[in-house]
Amino acid sequence: MSLYDDAVLVLKSYEDQTDLRQAYLDHLAAHPDGMWKSCHAGHVTASALVIDPEQGRVLLTLHKKLRMWLQMGGHCEPEDTSLEEAALREATEESGITGLTLLPGGPVRLDRHPIPPPCHCHYDVQYAVLAPPGAVQEISDESLDLRWFPYDEVPAVADESVLRLLKATRARL
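Read on for an overview of the structure.

Criteria and thresholds
- Residues numbered from 1 in each chain as written.
- Predicted model: local features only at pLDDT ≥ 70, side-chain atom pairs only at ≥ 80, totals over all residues.
- Heavy atoms only, no water.
- Salt bridge = Lys/Arg side-chain N within 4 Å of Asp/Glu carboxyl O.
- Helix = DSSP H or I, 4+ residues; strand = E, 2+ residues; numbered from the N terminus.
- Expected span 1.5 Å × (residues − 1).
- Core = buried A, V, L, I, M, F, W, Y, C linked by side-chain atoms within 4.5 Å.
- Buried < 20%, exposed > 50% of the residue type's maximum accessible area, 1.4 Å probe, protein only.
- Contact = heavy atoms within 4.5 Å.
- Polar contact = N/O pair within 3.5 Å; in protein donor to acceptor, adjacent residues only side chain to side chain.

What about the pattern of salt bridges?
- Enumeration over the complete set of coordinates arrives at 6 salt bridges.
- Taken together, the salt bridges that share partners define one network made up of Asp 80, Arg 89, Glu 90 and Glu 93.

Now the structure itself:
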């Protein structure tokens, strides 16, 4: 199965955010290349919130280009066979943590947001991953900083999209 086909199946089975989910499906139907960064009309991305429920904290990255505290994530790569795999790969690469596991149940949220040209939009499929006990992060070259934040400190550093993702993740735990 191709990554495109996986994305369509994942989105069709996602039961929340009905209108936004349909916008993702419509975009993919209109853009067979809609999984890739080269699709300037917008493209699907995969992200994951790294969470440590035992310590009541999340790991956020200070994004190098946007200079914002965000969850891990980014563009799909040709070797990705599923959105879950892409989200887990991105979370592992950007956090430096091995042994992350996906929170069961598929995507936690969808978040469509504008991006600077030449592209117009990211259709982000957001997952959550659980950090293993004693996880130690290691900053990647994609980040300015990488830091654990207690749940109650996230509103002071992150935007609404991260807060919505944290809320949805905690509801699923």
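So, helix α3 (residues 83–95)
- For α3, spanning 13 residues, the distance from its first C-alpha to its last is 18 Å, which sits close to the expected 18 Å at 1.5 Å a residue.
- With its phi angle positive at about 75°, Gly 96 sits one or two positions after the end of α3.

Regarding the nonpolar core
- Formed by 34 residues in total, the largest nonpolar core has its most connected members in Met 35, Val 50, Leu 83 and Val 125.
- For this core, the secondary-structure elements that each account for two or more residues are α1 (3–13), α2 (18–30), β1 (43–52), α3, β7 (121–130) and β8 (143–150).
- The residues contacting Val 125, other than those within four sequence positions of it, are Leu 11, Tyr 24, Val 44, Thr 45, Ala 46, Ser 47, Leu 83, Pro 107, Arg 109 and Leu 110.
- Val 58, Val 108, Tyr 151 and Val 154 belong to the second largest nonpolar core, which has 17 residues in total.

Things to note about unusual backbone geometry
- With a phi close to 45°, Gln 17 is a non-glycine residue in the positive phi region.
- On the secondary structure map, Gln 17 appears in the loop between α1 and α2.
- One non-glycine residue, Arg 67, lies in positive phi territory at about 55°.
- Counting through the fold element by element, Arg 67 comes out in the loop between β2 (57–63) and β3 (69–70).

Quick look at the side chain of Ser 47
- With respect to the helices and strands, Ser 47 occurs in strand β1.
- Here the side chain of Ser 47 touches Asp 124 through a polar contact of 2.7 Å, side chain to side chain.
- In contact with Ser 47, other than residues within four places in its own chain, are Gln 71, Met 72, Gly 73, Ala 87, Asp 124, Val 125, Gln 126 and Tyr 127.

Function cannot be read off these values alone, since they describe shape.
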